[in-house]
Amino acid sequence: MDIAIGISQTAGKNNRAFNLEWFAKKKWLTASIQKKALFCFPCLLFGGSGGDVTWSRTGYKDLKHLSERITKHESSNSHLDNAVKLGLVGRVDVAVQIDSAYRRGIDEQHNRQVEENGYVLGRIITCIKLCGKCETALRGHDESADSLNPGIFRCIFETMCEGDARLQRHYDAQPVFKGTAPYRTNY
Ligand SMILES: [Zn+2]
């Protein structure tokens, strides 16, 4: 006998108990401890139709045929209508799908950003190496946007940006290149 909901059935010597796993398998399934019977939650709420009130009013007790009766009930028109009304149909799957698609989107965005950062960093290092070869100070005296002598690093970097969308994006987004950064960098 199932202690949790008290639904059991004696068939010959065998005592058949309701398996609680059914609740995990069928989200619409519910039970009345008082009536010692199973019900369908959406049909209980919105009512059965076609004369079948087993799952909505009287309650289901025949554990021997439970599996086939569950299959039959959940494919009935009245149950499907009620399930749609309650928003149960496909809700879990859709939620999972949206969730995984959302996660995938975030991952892709993150990977793209990491890749772009790596690329930009590589170009900056190239730029610094070039300055090092020429033994030139990286930073000019005046790096404001309209400066006539902005420093060799910025000049080289600006040249590298030409025709390079990824680098240009970084250049446009970083205040350090406009002389508007609130801190002094090591460039
Ligand atoms: Zn139902």
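Keep in mind that what you see is a predicted model, and the values were worked out from it rather than measured. (Residues numbered from 1 in each chain as written. Predicted model: local features only at pLDDT ≥ 70, side-chain atom pairs only at ≥ 80, totals over all residues. Heavy atoms only, no water.)

**Notes on the confidence of the model for the protein chain**
With 67% of its residues at a pLDDT of at least 70, the protein chain reaches an overall mean of 75. Predicted confidence is poor over residues 182–187, with pLDDT under 50, and the contacts of this stretch with residues over four places away or in other chains come to 10 contacts. (pLDDT = per-residue confidence, 0-100. Contact = heavy atoms within 4.5 Å.)

**Here we look at the environment of threonine 58**
Following the sequence through the fold, threonine 58 ends up in helix α3 (residues 54–58). Note on threonine 58: relative accessible area 49%, which makes it partly exposed. Between the alpha carbons of threonine 58 and alanine 37 there is a distance of 8.2 Å; along the sequence they are 21 residues apart. In this structure threonine 58 touches Lys35, Ala37, Phe39 and Val53, once residues within four positions along its chain are discounted. (Helix = DSSP H or I, 4+ residues; strand = E, 2+ residues; numbered from the N terminus. Buried < 20%, exposed > 50% of the residue type's maximum accessible area, 1.4 Å probe, protein only.)

**What about the packing of aromatic side chains?**
Applying the stated criterion across every chain, the model contains 4 aromatic pairs. With centroids separated by 5.2 Å and ring planes inclined at 65°, the aromatic side chains of phenylalanine 18 and phenylalanine 23 adopt a geometry described as edge-to-face. Since its relative accessible area comes to 4%, phenylalanine 18 is described here as buried. Residue classification places phenylalanine 23 among the partly exposed positions, given a relative accessible area of 26%. Ring plane angle 5° and centroid distance 4.7 Å describe the contact between tryptophan 55 and tyrosine 60, whose orientation is recorded as stacked. In this pair, the class of tryptophan 55 matches that of tyrosine 60, namely buried. Put simply, the rings of Trp28, Trp55 and Tyr60 touch in pairs and so form one group of aromatic residues. Sitting over the face of the ring of tryptophan 22, lysine 25 holds its NZ or CZ atom 4.4 Å from the ring centroid. (Phe/Tyr/Trp six-rings, centres within 6.5 Å; stacked < 30°, edge-to-face > 60°. Lys NZ or Arg CZ within 6 Å of the ring centre and 35° of its normal.)

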